Structure formats: C-alpha cells, structure tokens
Amino acid sequence: MSSILGFPRIGKNRELKKALENFWSGKCSQKELEDTAKELRKKHWEVQKNLDFVCVNDFSYYDNVLDLAYALNAKPKRFRNLNGIESYFAMARGNKNNVACEMTKWFNTNYHYVVPELSIDDEYKANVDSIKTQYNEAKALGYKPKISIIGLFSFFALSKIVDGDRKDIFKKLKSAYLDLIDEIAKLDSNVVVEFSEPIFAKGLNSDTFKDLKCIYDRDVIECIYNSIAKKGIKAIVSTFFEHSNEFSEILLKSDIYGIGLDFVYGKKNQEILESIAKSDKILYAGVIDGRNIWVANLEEKLQFLESISKILPKNRIVITSSCSLLHVPFSKDDEDKMDKEVLSWLSFAIEKIKELEVLDKAFRGDLDSNTKEFLQTNKDINTNRKNSTKTNNNTIRQRVEGYKITQREEPFEKRIKIQKQNFNLPILPTTTIGSFPQTSEIRALRQNLKKGLISKDTYNEGIKEYIKDCIRFQEEAGLDVLVHGEPERNDMVEYFGEQLEGFVFSKNAWVQSYGSRCVKPPIIYGDVKRKHPMTIEWITYAQSLSKKIVKGMLTGPVTILNWSFVRDDLARKEVCKQIALGIADEINDLQNANIKIIQVDEAAFKEGYPLRAENIKEYETWALDCFKISTAIAKSQTQIHTHMCYSDFNDIIKTIEALDADVISIETARSGNKLLKVFKQVGYKNEVGPGVYDIHSPRIPSIEEITAQIKSLLEVLPKEQLWINPDCGLKTRKWEEVRESLKNIVIAVKNIRENLA
Ligand code: GLN
Ligand code: ZN
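J.: Sorry if this is basic, but what is going on with the site of ligand 1 here?
T.: Close to ligand 1 lie 13 residues, the nearest being S435, E486, D601, H643 and G729. The contact in question runs from an oxygen atom of ligand 1 to an N or O atom on the side chain of S435, over 2.7 Å. In this structure, an oxygen atom belonging to ligand 1 sits 3.1 Å away from a side-chain N or O atom of H643. Considering ligand 1 on its own, with 300 Å² of exposed area, one finds that the protein chains cover 93% of that surface.

Here you go:
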C-alpha cells in the first residue's frame, strides 16, 4: 500500500503554463485550456497507476487554496459580479478594474498560494462541479481516485478576514464546507478524501493558534472531523513540513479513517506512534521526501518502516510521500546535459513514485527480481554519493571547521565615521538596489553566449556597453552611489551558483512558484567553493567609468541557500557556511580592487524561518553567523550594505540589528513609514534606506509623492541615518519608467536638502 499527496500539475514540458498564458492573452479558447488540463490529468494518473490511488483535485488552474475558495463561493466583493473561470482568474490575477487577491508563501516552501478574503456578508455555497468532473474522469479511465482537498482549519487560518467577526465567519464557512463534503460523499460509496492540514504542523504555541484559540479549540477540531467522518467518506487528515503531535493527539480521538504524517521533516512524529497503535487509525507514513530531489536511501527507509511496524501492524501502514510532489520537478528524463554522476543521485516526481512502489513491495516482503535489482542499484547509488569526491572536499571542510566567526574589526560608530569622512556623500544619499532594466538585447546576448552563437569577446563588449550606458545615465540623473546594473545576471542566485563549485543546473527541472510562473532552482550537490572571482571584472569596469562610488553587488549566503535545492547529506547550516566563505572571498577581492561599498543581498533571509517557534532561535543563530562569515572580512572603510525585500520586520528586527550591516535597504514603499517605526522602537543605530517608491508597479512616482514619502520617513529617523532609494531592483521595469522615476527621486531629495539646510 503506497500513495502520494499530489502530483505536479504544470506538465512535463510546462504544458499548463503555456496553455494558461495562451488563454489569458486570448490565443486559445476556454475549451482548449480545459482539454489541455484533461490531457495532463490523464497523463499524470497514468504514472500513478501502480499506487493504491490516483490523486484527484490536486490539479489546479492556478492554486488549490484558490480552488477551495472558489468551490465555497468565497469571492471578494469586487469580483462578485463575475462568474465562472472569469471570476476565478480575476481573483488570482486581478482585472482591468480591480486588484488581485494577495499571494503569499505556502509555509516554508517557495510555492505561493492565493490568500482568500473572507467577509461576513459573503454568501458561501458549495460547488462540487470541478471535483466531480475530475473524479469521474479518473473513474472512467479505470482508476481508483483519492480526492485531495485543503482542510477547513488550514483554509480558514490562511485566509484574511476583511470584514466582520471571525467567529461568525467561521461558522458560516464551516457550514458550506460540510455541504461540500456532503456533495463529495454523493460521488460514490466510501469516497477516499485526504484533507491537508499543514497548519497543524505549526504547533499549538504558534501565533496562528494563539490567535485562533477562541474559534477552534480541541473540541471544535475533533467535532468537525467527526461530522466529516460521519458523512460516509474515508477521511484521512494529513499534516506535513513538521511534526503535528499536539494536533495528532486530537485527531486520533476523532472518527477519521487515517492520519498522514511527515517523517522526513517531522521526525518527532515518531512520538505519536504508540497512540496511533492504540487507536484504530491507518497511518499514512510520509517517508519519501516530497520537497527535495535526492534519491531516497531505500535501505534506511525500510529499516525505519520496520521499526514502525514493531509498534503498529503492517496492514495499518501505508507508505507515502512526505507532502505533495508539487514541490519537485516532473522527471529527470531530459537532463542529458547534467553531470552523469550527480544526475544519478537525483529523484524527481516520476522517480519518487517508483521509489514508493519498490519500497512498498520490499516492506511487504514481495521481492521479485526487478525489485531486488532496483534495491541493489539504489544501494549502489547511495554508496557512490556518500563516497564521491564531489560530495566531500577535505580542503573545504577543514576551512569551514577552522573558521572562527568574527565581528567587523571596529564597531559601527567608528566605522561609519571613517566611511563618512572618506566618501563625503551629501545627507540623504541616493542610490538604487542594483539591477537596471533587463532589455531584450541583454537577454538575447546572454542566451547567444550560452548557445555558443557569439564569442565571449562579443558578449563582454555587449555587457560593457550596457554598463557604460547605465553609469552614464546615473551620473546624468545625479544619483550619489552608482551601480553597474547587473546586465550579466539572469537571476541573482543562478549567477553565483554557476560560478561556485558544488552546484549543478538542470535543463528542465521546473517547479511551480505561483500560477503559471515556474522556477528552476539551482541544485547544491557537493561542497561549495568559489572557483574564481565572480563579479570583480564588471564592478571594476563600472568603477573605472566614474568618479562617484560604484557599489559592488553580491547575493548573500542565506539567500543562495534558501532559493536552491540543498543537499540532504550535510546540515543546511554547514552548506550555508561554505557558501558564506565563497562570498567572503569575493568581498575581500572587491575591497582590494578598491571598491568602497559592497551590497550583500539577503532577499530570502526571512524565507528560511522554521515553521515552529521553538526552532527559530537555531535558524537565526546560524543564518546570522553565515552573514557575518561573509561580511566580517570587510575593513572598516568598506561599507557593507544589505537589502531585504519585506514589509514586516517586527519578528526579526533583533536579528536584523545583529547582522550589523552599515546600511540596510528595505521595502517600505507600500506601507508608508509604518515599518520604519520598528527600527526606531528598538533603537536601531545603523543606516537605513527605506524604499521610497514601489517598483512592482509601472507607475512613475511624482516628485511630490516622493517628497511626501521622504518627509514621513524623516518623522521617524534622523536625516543622518537615512538613505533614499527605490524599494527593490529595477530589472523588471522599462527604461522609460526607470529614467523618470529616478530623476524624480533626485529632484525631490535636492529640494529637501535645501529646505533642511
Ligand atoms: N540586487 C538585486 C536586484 O537589484 C536584488 C533583488 C531582490 O532583492 N530581489 O535585482
Ligand atoms: Zn528586493
């Protein structure tokens, strides 16, 4: 018995992405989109045919949370006049008249869900059509379907209350949700339904539950799952990404059929095994990693399962993936360019299903020759990976081990004095976050080099041409600290990964980030080392063109880690330290090349925070250490900037302070000066560059607007402490917009400086 919690829906060659984008731009009809979807589902079920069930309703045109909102008719007011797929996509993407619902990270993954908006005057009503269609499709093809649906508690906790009392809204929502389950129950006798409740993995002490305590206490959870179980379905409740012991205890008391637990990211789930044994529940044991891409060690997995079977009989154990396979790429079939050895260590969705099948057979003692052969190969692969020189580089290990984490040579107060004296910048210095518009010429240039269509010299000339224009523009506009514009980078992590040992890049390993957008994360397979200087050539060239300071631009170690698939045979913090040393070497080379300001971007620092409050301290400690390993090498006269694109620092401000960057630029533009107040409250001493306009929109901010924004910043922090900049990189914008916006910033700042003087 084995199953998965969901399959990636985007398609082997991102067919869904293409169909969606064609539909949105009017190039294909709704019927054509639906046909593509149906075709994909069919293909994806075909590969699940040897599992106990095929997953139904894991498919989505955009996002599963949105699907449930739609199925419950939880539509924001501004879209209520729309119907059908039009309203669905309007909620996801906005339309001419109205903005989309917000989108946010799905727990600690890089997948984003659409945040439902709930209001007391909503008219919830169950619509089972889409689930029914998919269910019947699967049945017609001869498969045994299992319906995946987001659990009521997770759905409600992830929603945003727009208007009305939460308790009342929950009551209304619950009743529609139960109606939906009624409809599902009518599809068949004993329909198997898997309820995803990842919110339970956050634990009872999380802010989420402190907040929700008055709405759902233990009794409510038990009682609602009892009502669900009574409807004549086989209800399985799954949690993932962490252990969920406090809630598992409650669920075991209810009448559900089974409980799904993640034993990869929630090792502590083992503590609940005895209780499961005492109950009558089936355990869906998540042992194959659903969100990372390494070949499983089947021997170890088998041992683990055997140990469980000492507590719980084998016929009550179903082997599953730890979470939906949504977070891993489709298959490694087409990766013909990748290093063969590294490739043999990888396992994507298709390969993981095979692992589940074999593991299940082995667990049940059904050892035919194919299974034996697979197990042997698996063992060989794991041995090879363990002993390969690619995964163990002694020099790197020794360097990390012997490295003492240190502070900058002098405290901030002293450093800043030296820097101010040397740089002689005006008050409220203006700068940008790094990237300038990525033009089609620049993209073509990079692609042509990759395809071998142009020589390295031609490429270098093209990049230098861009840098020259970029510097010229910034000088004309009158910015104070310049950047080279990052034309050589397609992505802030990939660019560095490509120049670090220990990374590989796939051709086709796409995973869905949100809607039709996919990312292809770098893969860190081995010990990481900088192969050669990574940015010096471009930055020093840019600096040679101007008397003003050009800021060097690096991606920080924590962000490189958090946006990659990371090896699972070494602790994340060790991998991060290795990256950090590579960045430290780069900083050292930059300062020796007379680059006076260096920015170390940590856009994804916050993304790595653990789900459970009790694990946060540990993460913060090593993430902070890694930033320091990178930056402590900077001499006092070298100014270190960092950049983070969030609008909420409340929880992490102490850690931000401890980073001790001389300057931090942040994303405040959309929240006025609210965010900045946190910095004031804690007595933050270092300098801050709060974004003065939102670069995510094509709108050009007026001089008046920027002036007002700067004035409101000055109400919070003294002028000596402030920098003025946009709130993120400009690479997604057009030159026309950027030129005007930055000129307006400079004019606004000049006016303010005159007034202040
Ligand atoms: N330096 C990067 C840029 O300007 C930072 C991007 C980011 O924060 N996401 O594009
Ligand atoms: Zn940013």
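J.: How should the pairing of strand β21 (residues 663–666) be read in this particular structure?
T.: Residues in a regular strand point their side chains to alternate faces of the sheet. Side chains V663 and S665 of β21 all project onto a buried face; the interleaved residues I664 and I666 project onto the opposite face, where all are buried too. As paired elements, strand β20 (residues 639–644) and β21 share four bridges and run parallel to each other. Residue pairing for β21: M644 is matched across the bridge by I666. Note that β21 and strand β22 (residues 687–690) share four bridges and pair parallel.

J.: Please explain the coordination of the zinc ion (ligand 2) as it appears in this structure.
T.: Tetrahedral coordination by four donors sets the ideal angle at the metal to 109.5 degrees; octahedral coordination by six donors sets it to 90 or 180 degrees. The zinc ion (ligand 2) binds to the protein through H643 (NE2), C645 (SG) and C728 (SG), with metal-donor distances spanning 2.1 to 2.4 Å. Around the zinc ion (ligand 2), the four donor atoms are arranged such that angles at the metal cover 84 to 123 degrees; this shape is classified as irregular. Here the donor residues for the zinc ion (ligand 2) map to a single chain with the spacing H-x1-C-x82-C. Taken together, the positions of C645 in the loop between β20 and α25 (653–659) and C728 in the loop between α27 (703–714) and α28 (735–756) put the pair 83 residues apart, joining distant regions of the chain. Residue C728 is classed as buried on the basis of its relative accessible area of 16%.

J.: I would appreciate a short explanation of the packing of helix α19 (residues 456–477) against α28 in the present structure.
T.: In helix packing, the relevant descriptors are the interaxial angle and the interaxial distance, both defined with respect to the helix axes. The N-to-C vectors of α19 and α28 enclose an angle of 35 degrees; their axes lie 9 Å apart at closest approach. Every pair of crossing elements has a handedness; the one defined by α19 and α28 is right-handed. Contacts from Y466, C470, F473 and A477 in α19 reach W735, V738, R739, L742, K743 and V746 in α28. In terms of residue class, the contact of α19 with α28 is built from eight nonpolar, no polar and two charged.

J.: Explanation requested: the packing of aromatic side chains in the structure shown.
T.: Aromatic ring pairs are defined here through the distance separating the ring centres and the angle between the ring planes. In this structure the tally under the stated criterion is 37 aromatic pairs. Consider the rings of F153 and F200, whose centres lie 6.0 Å apart with planes at 35 degrees: the pair is tilted. Taken together, the residues F153 in helix α6 (residues 152–158) and F200 in the loop between β8 (192–196) and α8 (207–212) connect sequence positions 47 residues apart. Relative accessible area serves as the criterion here: at 0%, F153 is assigned to the buried category.

J.: Would you mind going over the sheet that holds strand β1 (residues 2–3) with me for this structure?
T.: The strands making up a sheet are joined through hydrogen bonds of the backbone, oriented either antiparallel or parallel. Spatially, the eight strands line up as an open sheet ordered β1-β12-β11-β10-β9-β8-β6-β2, and their pairing is parallel. Each of the sheet's edge strands pairs with one partner strand only, and the pair in question is β1 and β2 (54–56). In the packing of helix α5 (residues 129–140) onto the sheet, the strands contacted are β2 and β6 (145–150), and the crossing angle to β6 comes to about 160 degrees.

J.: Mind showing me how you'd approach the state of the cysteines here?
T.: A covalent bond bridging the sulfur atoms of two cysteines is what the word disulfide describes. This model, assessed by the stated rule, comprises zero disulfides. Counting only cysteine sulfurs, C626 is the nearest neighbor of C576, a cysteine outside any disulfide, at a range of 3.5 Å. C576 sits in the buried class, given a relative accessible area of 0%.

J.: Explain the pattern of salt bridges to me, please; I cannot follow it from the model alone.
T.: Between side chains of opposite charge, a pair can form when the charged atoms approach closely. Counting across every chain of the model gives 51 salt bridges. The salt bridge partner of K31 is D35, with a shortest N-O separation of 2.8 Å. In this pair, K31 and D35 are both assigned in helix α2 (residues 30–46), four residues apart and thus about one turn of the helix distant. Salt-bridge contacts for K617 lead to E620; the nearest nitrogen and oxygen are separated by 4.0 Å. Linking K617 with E620, this pair stays in helix α24 (residues 616–631), spanning three residues, or about one helical turn. Linked by salt bridges that have partners in common, R385, R397, D527, R567, D568 and D569 make up one network.

J.: In this structure, what is going on with the environment of M338? I would like to understand it.
T.: Within the fold, M338 resides in the loop between β12 (317–321) and α13 (340–344). With a relative accessible area of 5%, M338 lands in the buried category. As a C-alpha pair, M338 and S506 span 168 residues in sequence and 6.6 Å in three-dimensional space.

J.: Whenever I open this one, the sheet that holds strand β18 (residues 565–566) confuses me. Can you help?
T.: Pairing in this open sheet of three strands is mixed, and the strands run β13-β16-β18 from one edge to the other. The sheet is open, and its two edges are formed by β13 (500–504) and β18, each paired on a single side. As paired elements, strand β16 (residues 523–530) and β18 share two bridges and run parallel to each other. In the strand pairing of β18, I523 is matched with F565. Across the face of the sheet, helix α23 (residues 572–592) comes into contact with β16 and β18 while running at roughly 35 degrees to β16.

J.: I'm lost on helix α17 (residues 412–423) in this one. Help?
T.: For the α-helix, the turn length of 3.6 residues means that residues three or four positions removed from each other point alike. The end-to-end C-alpha distance of α17 is 16 Å, a good match for the 16 Å that twelve residues give at a rise of 1.5 Å each. Where α17 is concerned, the buried positions are F412, R415, I416, Q419 and F423. Down the axis of α17, the sector holding all buried residues measures 95 degrees, keeping them to one side. Turned more than 90 degrees from where α17 packs its buried face, K417 and Q421 sit exposed. Each element contacted by the buried residues of α17 is listed here: β19 (597–601), β20 and β22.

Conventions and cut-offs
- Residues numbered from 1 in each chain as written.
- Chains lettered and ligands numbered in written order.
- Predicted model: local features only at pLDDT ≥ 70, side-chain atom pairs only at ≥ 80, totals over all residues.
- Heavy atoms only, no water.
- Near = heavy atom within 4 Å.
- Polar contact = N/O pair within 3.5 Å; in protein donor to acceptor, adjacent residues only side chain to side chain.
- Areas by Shrake-Rupley, 256 points an atom, 1.4 Å probe, with all protein chains shown as cover.
- Buried < 20%, exposed > 50% of the residue type's maximum accessible area, 1.4 Å probe, protein only.
- Helix = DSSP H or I, 4+ residues; strand = E, 2+ residues; numbered from the N terminus.
- Pairing = 2+ DSSP bridges.
- Donors = N, O, S within 2.8 Å, 3.2 Å for Na, K, Ca; no water.
- Tetrahedral: all angles 85-135°; square planar, octahedral: opposite > 155°, others 65-115°.
- Axes fitted to C-alpha atoms, helices over the stretch in contact; angles between N-to-C directions.
- Left-handed = near helix turned anticlockwise from the far one by under 90°.
- Contact = heavy atoms within 4.5 Å.
- Nonpolar A, V, L, I, M, F, W, Y, C, P; charged D, E, K, R; others polar.
- Phe/Tyr/Trp six-rings, centres within 6.5 Å; stacked < 30°, edge-to-face > 60°.
- Disulfide = S-S within 2.5 Å.
- Salt bridge = Lys/Arg side-chain N within 4 Å of Asp/Glu carboxyl O.
- Expected span 1.5 Å × (residues − 1).
- Arc of directions from axis to C-beta.

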